[in-house]
Amino acid sequence: MVAAVFILVSAAHAAGNDKKSGNPPTLSTSDFDYYLTGNAADQKPRAPDSQMTVLMGGGLDVDQAFIDMIRKAGGHGSDKIDVVVIRASGEDGYNDYLFAMDGVDSVETVVIKKQSGADNPKVISIIEGADVLFIAGGDQWAYINQWNDTAVERTIKYVLLAKNVPIGGTSAGLAVLGAVDFSAQHDTITSPDALNNPYDLRLTLDNTFLETVPKLQNTIADAHLVSRDRMGRLVTFLARMVKDGISWRDARAIGVDEGTAVVIDGGIANVRSNAGGTGAAYFLKFPQDPGTSLVVEPRTPLEVSSIHVDKLTNAPRARFQMDPWLMTGGTSYSLYVQRGVLYGPGNNPY
């Protein structure tokens, strides 16, 4: 196909993470499985006028964020686009969900089984025609380890981004969209363990995979923020970025709650959630104060005198400007870390 919405699927969407259609693959090889729902004919939508990036926080997928990407790519009413889903494991659980959305002509799922699949010409031909790219949840180390420096990564960076193709990801897919990623190479890490030792062997950061996504330069992102108590580790990631060479002025972090998405279009970020959703996104930076102190050492609890947090919800007129780093319509507060314990407003443990 020449034109397609390219979605690397999460392990969980609105109809249920591991939902299976029961359909056999349209094509199965040792490198990948391929599933098709809908019309196999190519669509040729208009080119987007700006880059859209979606950071989805895991859990239930956010319908409006998918709708935003589809419409950005030109899918609406009689104007149709093709959706491509790429994932490292699983089946075609996203096909019916996305095919039912307005403006979608077909949904293709490609399950890349191993590293050789990331250089397979058939897989690459599908990606090259993508209208929207959405990176899956699951295991971000599988993506970094199997897709880094392959034709999949090069096609995303040098073909899709050049065409302003909307790009998004959920959970682990969100994690690999920043210029810096928590790679989870040696499994995950909790906030208490990260705060207690910023150089714990499990705290592995990568700055090589998909490091050129617009508006996410010098930025790390994390999902499931409140439900999995990840603010402490996100603060630690940010401190490590500065310690490892990114300037105080440039280092940034974004945390996203489950059932919540950040839609960045032309440098303006808005929060989306499903009906009744109360999730938020959190934009972190260190204040530009020469008196701010930072202690980031191996086997030593983290010390940070101040972290500035902007909390954004889907409230009317609430938005965030990525450059300069500036919020409208949200709430702001400060955190600090003392002897490896994260504190919030009122000097209360966070």
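Let me begin by describing the structure that accompanies this report. This is a predicted model, so every value here is computed, not measured.

## Section: the overall build of the protein
When helices and strands are counted, the protein shows eight helices and 21 strands. Taken against the 2.2 N^0.38 rule, which gives 20 Å for 350 residues, the C-alpha radius of gyration of the protein at 20 Å falls within 12% of a compact globule. Dimensions of the protein, computed from the C-alpha atoms along their principal axes, are close to 60 × 45 × 35 Å. Classification of the 350 residues of the protein by burial places 56% in the buried group. Put simply, 76% of the contacts in the protein that link residues at least 6 apart link residues at least 24 apart. Here the protein contributes 30 positive and 40 negative side-chain charges, whose respective centroids are spaced 3 Å apart.

## Thoughts on the pairing of strand E13 (residues 260-265)
When you tally the buried positions in E13, you get five out of six residues, the bulk of the element. Judged from the five bridges that link them, strand E4 (residues 52-56) and E13 form a sheet pairing that is antiparallel. If you follow Met56 over to E13, its bridge partner there is Ala261. By the bridge criterion, six bridges tie E13 to strand E14 (residues 268-273) in an arrangement that is antiparallel. Looking at E14, one finds that Thr260 is bridged to Ser273. The antiparallel pairing of E13 with E14 creates a hairpin that spans two residues between the two strands, and Gly266 there sits at a positive phi of about 60°.

## Some words on the packing of helix H3 (residues 121-128) against helix H5 (residues 151-160)
Between H3 and H5, the least distance of the axes is 10 Å, while the angle of their chain directions is 20°. One element, H3, and the other, H5, form an angle in the roughly parallel class. In this structure, H3 meets H5 at a crossing whose hand is right-handed. Taken together, the residues of H5 that come into contact with H3 (itself represented by Val123, Ile124, Ile127 and Glu128) are Ala151, Val152, Thr155, Val159 and Leu160.

## Section: the nonpolar core
The biggest cluster of nonpolar side chains holds 50 residues, and the ones touching the most others in it are Leu55, Val152, Phe283 and Met322. Once you skip the residues sitting within four places of it in the chain, Val152 turns out to touch Ile112, Ala118, Val123, Ile124, Ile127 and Trp147.

## Some words on the pattern of salt bridges
Scanning the model with the defined rule gives 14 salt bridges in all. For Asp49, the salt bridge goes to Lys72, with nearest N and O atoms at 3.0 Å. Placement of the pair is Asp49 in the loop between strand E3 (32-38) and E4 and Lys72 in helix H1 (residues 63-72), with a sequence separation of 23 residues. When the shortest N-O distance is used, the salt bridge between Glu297 and Lys243 registers 3.0 Å. Residue Glu297 is found in the loop between strand E16 (294-295) and strand E17 (303-312), and its partner Lys243 is found in helix H8 (residues 231-243); the two are separated by 54 residues along the sequence. Take Glu297: its relative accessible area is 34%, and that puts it in the partly exposed class. For Lys243, a relative accessible area of 41% translates into the label partly exposed. One network of salt bridges, in which partners are shared, links Asp49, Lys72 and Asp265.

## Concerning unusual backbone geometry
Of all residues except glycine, most have a negative phi; of all peptide bonds, most are trans. Following Asp323, the chain continues into Pro324 via a peptide bond in cis, with omega recorded as 5°. Note that Pro324 resides in the loop between strand E18 (319-321) and strand E19 (326-328). One non-glycine residue, Ala184, lies in the positive phi region at around 55°. Within the element layout of this structure, Ala184 appears in the loop between strand E9 (181-182) and helix H7 (191-196). If you check the backbone angles, Arg339 has positive phi at about 50° while not being a glycine. The topology assignment puts Arg339 in the loop between strand E20 (331-338) and strand E21 (341-343).

## So, the packing of aromatic side chains
Scanning the entire structure with this criterion turns up twelve aromatic pairs. Taking the centre distance of 5.0 Å and the plane angle of 15° together, the rings of Tyr336 and Tyr343 count as stacked. Taking relative accessible area as the criterion, Tyr343 reaches 18% and is therefore assigned buried. Taking NZ or CZ as reference, Lys122 lies 5.4 Å from the ring centre of Tyr34, over its face.

Thresholds, definitions, all that
Residues numbered from 1 in each chain as written. Predicted model: local features only at pLDDT ≥ 70, side-chain atom pairs only at ≥ 80, totals over all residues. Heavy atoms only, no water. Helix = DSSP H or I, 4+ residues; strand = E, 2+ residues; numbered from the N terminus. Rg over C-alpha atoms; globule rule 2.2 N^0.38 Å. Buried < 20%, exposed > 50% of the residue type's maximum accessible area, 1.4 Å probe, protein only. Contact = heavy atoms within 4.5 Å. Lys, Arg positive; Asp, Glu negative; His and termini not counted. Charge placed at Lys NZ, Arg CZ, Asp CG, Glu CD. Pairing = 2+ DSSP bridges. Axes fitted to C-alpha atoms, helices over the stretch in contact; angles between N-to-C directions. Parallel < 35°, antiparallel > 145°, perpendicular 65-115°, else oblique. Left-handed = near helix turned anticlockwise from the far one by under 90°. Core = buried A, V, L, I, M, F, W, Y, C linked by side-chain atoms within 4.5 Å. Salt bridge = Lys/Arg side-chain N within 4 Å of Asp/Glu carboxyl O. Phe/Tyr/Trp six-rings, centres within 6.5 Å; stacked < 30°, edge-to-face > 60°. Lys NZ or Arg CZ within 6 Å of the ring centre and 35° of its normal.

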